[in-house]
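Remarks on the overall topology
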Amino acid sequence: AQSVAQPEDQVNVAEGNPLTVKCTYSVSGNPYLFWYVQYPNRGLQFLLKYITGDNLVKGSYGFEAEFNKSQTSFHLKKPSALVSDSALYFCAVRRDKIIFGKGTRLHILP
Amino acid sequence: EAEVAQSPRYKITEKSQAVAFWCDPISGHATLYWYRQILGQGPELLVQFQDESVVDDSQLPKDRFSAERLKGVDSTLKIQPAELGDSAMYLCASSSRVDQAYEQYFGPGTRLTVT
């Protein structure tokens, strides 16, 4: 069975510092992995995806994510956080069905 | 930039009443999804359409929920009768292809409160 875990309910980072939002998954076969961001009273917005190829994928707003097959992880990263990055972030895995994690609230402190 | 439209944005209804949500996907997107997002959780897929056909409705509570996409464009999700536990955000999303590698574009959602 497919599953995805976001172990942190909330991550607090000072503005200008690097940020990491963690995601691990369980799926049979090769996964398709996605990150989405949700701002208040808005739908989810696509950030980036891993399908195949280079383990480091780059996406919108300066975000990137690293696919690690041995650790079954797909952590979201950004070198320098902005206050405007404060939002709810969802990791999703897709293999037959799409499964979303429960979300991690990212709070960037000015 | 093209967006997925949903209406209404907010809906308050009493339990046992019927309620309906509407979604208009991005023009040309053949694949349409309905999700339910309970507060503090990620979206849960209810139903997926490819054009006018249902591809996956395994998580749709069919005793009270129904969904249709008659002409393969816009879609309606209905709940009858509504129950207190149905209070949630209902999200619609579309994708240009049914291929699992394609990302989805989400609408702003309809927040349902059942009293």
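We now turn to the structure provided with this report. (Residues numbered from 1 in each chain as written. Chains lettered and ligands numbered in written order. Predicted model: local features only at pLDDT ≥ 70, side-chain atom pairs only at ≥ 80, totals over all residues. Heavy atoms only, no water.)

1. Overview of the overall build of chain A
- Of regular secondary structure, chain A possesses zero helices and 12 strands.
- Listed N to C, the secondary structure of chain A is β-β-β-β-β-β-β-β-β-β-β-β in terms of helices and strands.
- Overall size of chain A, expressed as C-alpha extent along the three principal axes, is 40 × 30 × 20 Å.
- By the burial criterion, 45% of the 110 residues in chain A qualify as buried.
- Restricting to contacts in chain A with at least 6 residues of sequence separation, those with at least 24 account for 55%.
- Counting only carbon and sulfur atoms, one obtains 49% of the accessible surface of chain A, whose full area is about 5300 Å².
- Charge-centre separation for chain A: the mean point of 12 positive side chains lies 7 Å from the mean point of 8 negative side chains. (Helix = DSSP H or I, 4+ residues; strand = E, 2+ residues; numbered from the N terminus. Buried < 20%, exposed > 50% of the residue type's maximum accessible area, 1.4 Å probe, protein only. Contact = heavy atoms within 4.5 Å. Areas by Shrake-Rupley, 256 points an atom, 1.4 Å probe, with all protein chains shown as cover. Lys, Arg positive; Asp, Glu negative; His and termini not counted. Charge placed at Lys NZ, Arg CZ, Asp CG, Glu CD.)

2. Observations concerning the side chain of T31(B)
Residue and element names in this part refer to chain B.
- Here T31 is to be found in strand β4 (residues 31-37).
- With a relative accessible area of 0%, T31 lands in the buried category.
- Among residues more than four places away in sequence, those in contact with T31 are Q48, F49, Q50, R69, A93, S94, S95, R97 and V98.

3. Considerations on the interface of chain A and chain B
- Counting from both sides, the interface comprises 20 residues of chain A and, opposite them, 23 residues of chain B.
- Carbon and sulfur atoms make up 49% of the area that chain A and chain B hide from each other, which totals about 1700 Å².
- Of all residues in chain A, N41(A), L44(A) and R94(A) give up the largest surface area on contact with chain B, accounting jointly for 30% of the area buried on that side.
- D56(B) is the partner of K97(A) in a salt bridge, and the nearest nitrogen-oxygen pair spans 2.7 Å.
- Taken together, the connections running from chain A to chain B amount to six residue pairs in polar contact (both at pLDDT 80 or more).
- Of all elements in the fold, only β5 (32-38), β6 (44-50), β10 (87-95) and β11 (97-100) of chain A reach the threshold of two or more residues within the side of chain A that touches chain B.
- Element by element, the count of residues in the side of chain A that touches chain B is highest for β5(A), at four residues.
- Among the residues forming the side of chain A that touches chain B, the class breakdown is nine nonpolar, four polar and seven charged. (Buried area = accessible area lost by both parts, 1.4 Å probe. Salt bridge = Lys/Arg side-chain N within 4 Å of Asp/Glu carboxyl O. Polar contact = N/O pair within 3.5 Å; in protein donor to acceptor, adjacent residues only side chain to side chain. Nonpolar A, V, L, I, M, F, W, Y, C, P; charged D, E, K, R; others polar.)

4. Quick notes on the nonpolar core
- If you look at the biggest cluster of nonpolar residues, it comprises 27 residues, and the most contacted ones within it are L19(A), W35(A), L47(A), L48(A), F74(A), L76(A) and Y89(A).
- Looking at this core, the elements with two or more residues in it are β2 (10-14), β3 (19-21), β5, β6, β8 (64-68), β9 (73-78), β10 and β12 (104-109) of chain A.
- No other element matches the four residues that β10(A) contributes to this core.
- Listed in part, the 20 residues of the second largest apolar core include V19(B), L60(B), A88(B) and Y90(B). (Core = buried A, V, L, I, M, F, W, Y, C linked by side-chain atoms within 4.5 Å.)

5. Details of the pairing of strand β6 (residues 53-56) of chain B
- Two elements, strand β5 (residues 44-50) of chain B and β6(B), share three bridges in a ladder whose sense is antiparallel. Looking at β6(B), one finds that Q48(B) is bridged to D56(B). (Pairing = 2+ DSSP bridges.)

6. A word on the pattern of salt bridges
Residue and element names in this part refer to chain B.
- Applying the stated criterion across every chain, the model contains 10 salt bridges over all chains.
- For K62, the salt bridge identified is with D57, shortest N-O distance 3.7 Å.
- A salt bridge links R64 to D86; the nearest nitrogen and oxygen atoms lie 2.6 Å apart. Here the residue R64 occupies a position in the loop between β6 and β7 (65-68), and D86 occupies one in the loop between β8 (75-79) and β9 (88-95), the gap between them amounting to 22 residues. D86 carries the same exposure label as R64, and that label is buried.

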